[in-house]
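Structure at a glance
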Amino acid sequence: MDSIVEALARHAGQTPQRTALLFEGKTYTYGQLYEEAARFAAGLKKWGLKAGDRVALFLENCPEFVMAYFGTHLAGGVVVLVNTQYRQVELRHILTDSRASLTVTGTVGAAELNRLRSDLPDLKGLVVVGGPGEEANEIPAFDFEAFKAEPTGPVNLAGGSDLAIIGYTSGTTGRSKGAMLLHSNLAANIATVTASWEWTAADRLLLVLPLFHAHGLMVGLHGTIWTGASAEFRRKFEAAAVLESLQQESNLTMFFGVPTMYGRLLEEAAKLAKPPRPLRLYVSGSAPLSRETFNTFEKVFGQPILERYGMTETIMNTTNPFNGERRAGTVGAPFPGQQARVVDVQTRQPLPDGETGEIEVRGPHVFKGYWQRPDATAEAFDPDGWFKTGDLGWRSPDGYYTINGRARELIISGGYNVYPREVEEVLLQHPAVGEVAVFGLPHPDLGEQVVAAVVPAPGQPLPSAAGLAEFCRDQLASFKKPRQVILVSGLPRNALGKVQKHLLRENSGEFEKL
Ligand code: MLC
Ligand code: AMP
C-alpha cells in the first residue's frame, strides 16, 4: 500500500463493519470512517480545493479530525498540523508560511483565527466543528457537517511522492520550519513500525496523545489504520481515567505516551489496591524516559515500557526490541529498512561505538525537506542523504543508541518542544524586559521546564514572573510560558557576546527568584 488513506480504503472495502475508532461512547467502523472522509473530500472539491492546496487542522482530538485528515488526502490536499495551544505568534507564522487556504477548527480556534484576520490573506475559509456559532466570523465559516458533500467521480488514493503533511518544527531562529512529509514517508515508516511491534488487526490502542503531532497521528492513528486494528481515542490524557480503562476494558492491548504520562500513571497507580492489568505493549517516546520511571513501571505494571525515538522530520527512527532486551535509558536500534549513525559534530565523520556525537538518519522515512526553505533543507542533509537530527548520542557495541544531549537549543517539556528563541523574542517585547535568556531546567513532572533569566529594563517597574507568563500566554502556546523567572543584573556572555546559557543553568539555584 502506498498511503495510509489507501489502507483505510482497503479495509473499508474488505471489512466495512470492523471497528476502527471509538470516541466518547460512539463507534466508527472502517466503512463509516471512509465514507465520512470521502464526503469531506467531496466538500473540499466542491469548495474549490485543488490538488496540493494546504488544509490546516487546528483541532483537538475528535472524530472530525480523522475525517478531515483522510478527507484532505482523498481530495489530493496537504494537511498542515497545528497544535491547538498555539496562539497569535505561531498561528500567524504557520498559516502565512504554509499559505493554507482552509482551516478546520473548533469554535475557540475560529475566534482566535478571526483575531488575526488581516494578517492571513491566503486563508479563505474556516470549517468549524460544532458550527461557526452566532458571532460574526470575518473569515467565511462553514459548519463541519454542512460542508460535506456527496462524493462524485473517482477518489484520489494519494501515494508515493505526493506531499501528505507539513509539520512545523525546529524553530531555532524563532520561526518554525514546515517539514514536508510525503505519503511514501508515512507508509514506509508505519510499515516497519507495525511489523517491529507485531501490531495486528487484533490490537486495540488507547490513544490519548494529541493527533496534531507525530506521536499521536503518525504512529497511533496511522498504525491503527494500516493494520486494520482499532483505537479508543480521547480528547485528553487523564491518568485516573486511563487507569480505570486499563482495569475495565479487557480488549485494550496497547498504550502509547510521553514520559510525563507514565510518571503520572505511576503516581495514580500508587493509590490502587491491586496492580494495573499488563497490556501487550506500552510505548514511550518524544522525550527521554528516565531509568527510574522505566524500572518502577515494570515493577508496578508488570511490563517493561518499549522506548523509541522519533521526530517530526523522520517519524520513527529507532526502537527497543519488541522481543528481546528493552534497555533502560536507551532508544534501541534503527527500525528495519532504516539507517542511523553517530558522527563527529565538527568533522562529520562517523564515530566508533561508545563515542558521543550527532545522530544522523537515512532511509525511506526521512522527509523531503523544509517547505519553501531550500537553504534550511540543504543545511539539514549531508551530500550522501544523511539527515542531521540535532540529537547527540552514542551507540553501544551491541547496537543500542543512547541519546545524551542536543546539538541545538531545545527544551522538551512534557513531550512538547519549546525553542528558547521564540520565547525570548516575545519576552523582549515586554516593556519591563531589558535582556532575556530562556533555557531549560529539570522538572519532576515535565522532564524539563521553561526558565527565563531577565535583565530588567532601566527605569521600568521590575517585571513579575506571573506578569511575564501572562504576557507570553496571550501570544504563544501556554506550555511555552516561563515557569520560573530569575532576575539578573546582566547575562553571562562569551568574548563574542553570545549568552552562555550553560552558566545560567548551572548557577540558577544561586539566583534570587521572584
Ligand atoms: C500542558 N501544559 C504544559 C504542558 N502541557 N506545560 C508545560 N509543558 C507541557 N507539556 C500546561 C498548559 O499550558 C496549561 O497551562 C496547563 O498545563 C494545563 O493544561 P492541560 O492541557 O490540562 O495539561 P495536561 O493535560 O496536564 O497536559 C500534559 C500532557 C500534555 C503531558 C498530557 O502536555 C501532552 O499531551 N503532551 C504530549 C505531547 C505530544 O504528543 N508530543 C509528541 C510530539 S511528536 P495554563 O497556564 O494555560 O493553565 C514528537 C516526535 C516523537 O516529539 O518522537 O514522538
Ligand atoms: P519533534 O520536533 O516534536 O518531532 O521532536 C523531536 C525530538 O524529540 C527529537 O529530536 C528528540 O530530541 C526528542 N525525542 C523523541 N523521542 C525521544 C526519546 N525517546 N528520547 C529522547 N528524546 C526524544
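Cut-offs applied
Residues numbered from 1 in each chain as written. Chains lettered and ligands numbered in written order. Predicted model: local features only at pLDDT ≥ 70, side-chain atom pairs only at ≥ 80, totals over all residues. Heavy atoms only, no water. Pairing = 2+ DSSP bridges. Helix = DSSP H or I, 4+ residues; strand = E, 2+ residues; numbered from the N terminus. Axes fitted to C-alpha atoms, helices over the stretch in contact; angles between N-to-C directions. Contact = heavy atoms within 4.5 Å. Domains from an automatic or database assignment. Buried area = accessible area lost by both parts, 1.4 Å probe. Salt bridge = Lys/Arg side-chain N within 4 Å of Asp/Glu carboxyl O. Polar contact = N/O pair within 3.5 Å; in protein donor to acceptor, adjacent residues only side chain to side chain. Nonpolar A, V, L, I, M, F, W, Y, C, P; charged D, E, K, R; others polar.

1. A word on the sheet that holds strand S17 (residues 339-343)
The 4 strands are arranged S17-S18-S20-S21 in an open sheet whose pairing can be described as antiparallel. Two strands bound the open sheet, and with one partner strand each, they are S17 and strand S21 (401-406). On average, each strand axis in the sheet is tilted by 50° relative to the strand beside it, whichever way the strands run. Alignment of strand S20 (residues 387-395) against S21, held across 5 bridges, turns out to be antiparallel. The residue of S21 that forms the bridge with Asp-391 is Arg-406.

2. Details of the sheet that holds strand S5 (residues 102-105)
Here we have 8 strands laid out as an open sheet, ordered S7-S6-S5-S3-S4-S8-S9-S19, and mixed in their pairing. Taken across any chain shown, the strands that pair with only one partner, and hence form the sheet edges, are strand S7 (141-143) and strand S19 (369-370). Judged from the 4 bridges that link them, strand S3 (residues 54-58) and S5 form a sheet pairing that is parallel. Across the sheet, residue Phe-58 finds its bridge partner in S5, namely Thr-105. Across the sheet, helix H4 (residues 88-98) is in contact with S3, strand S4 (78-81), S5 and strand S8 (163-169); its angle to S8 comes to roughly 150°. Most of the contacts of helix H5 (residues 107-115) go to strand S6 (residues 125-128), to which it runs at about 160°, and overall it touches S3, S5 and S6.

3. Structural notes on the domain arrangement of the protein
What the domain assignment reports for the protein is domain 1 (4-183), domain 2 (237-407) and domain 3 (410-506). When each unit is reduced to the centre of its C-alpha atoms, the spacing between domain 1 and domain 3 is 34 Å. Summing both sides of the interface, domain 1 and domain 3 together bury roughly 1,100 Å²; the carbon and sulfur share of this comes to 45%. At the surface where domain 1 touches domain 3, the tally comes to 3 salt bridges. Across the pair Lys-480 and Glu-90 runs a salt bridge whose closest N-O atoms are separated by 2.8 Å. Our enumeration of links across domain 1 and domain 3 arrives at 6 residue pairs in polar contact (both at pLDDT 80 or more). Take the side of domain 1 that touches domain 3: its biggest share by element is 3 residues, from H4. When its residues are assigned to classes, the side of domain 1 that touches domain 3 shows 2 nonpolar, 9 polar and 4 charged.

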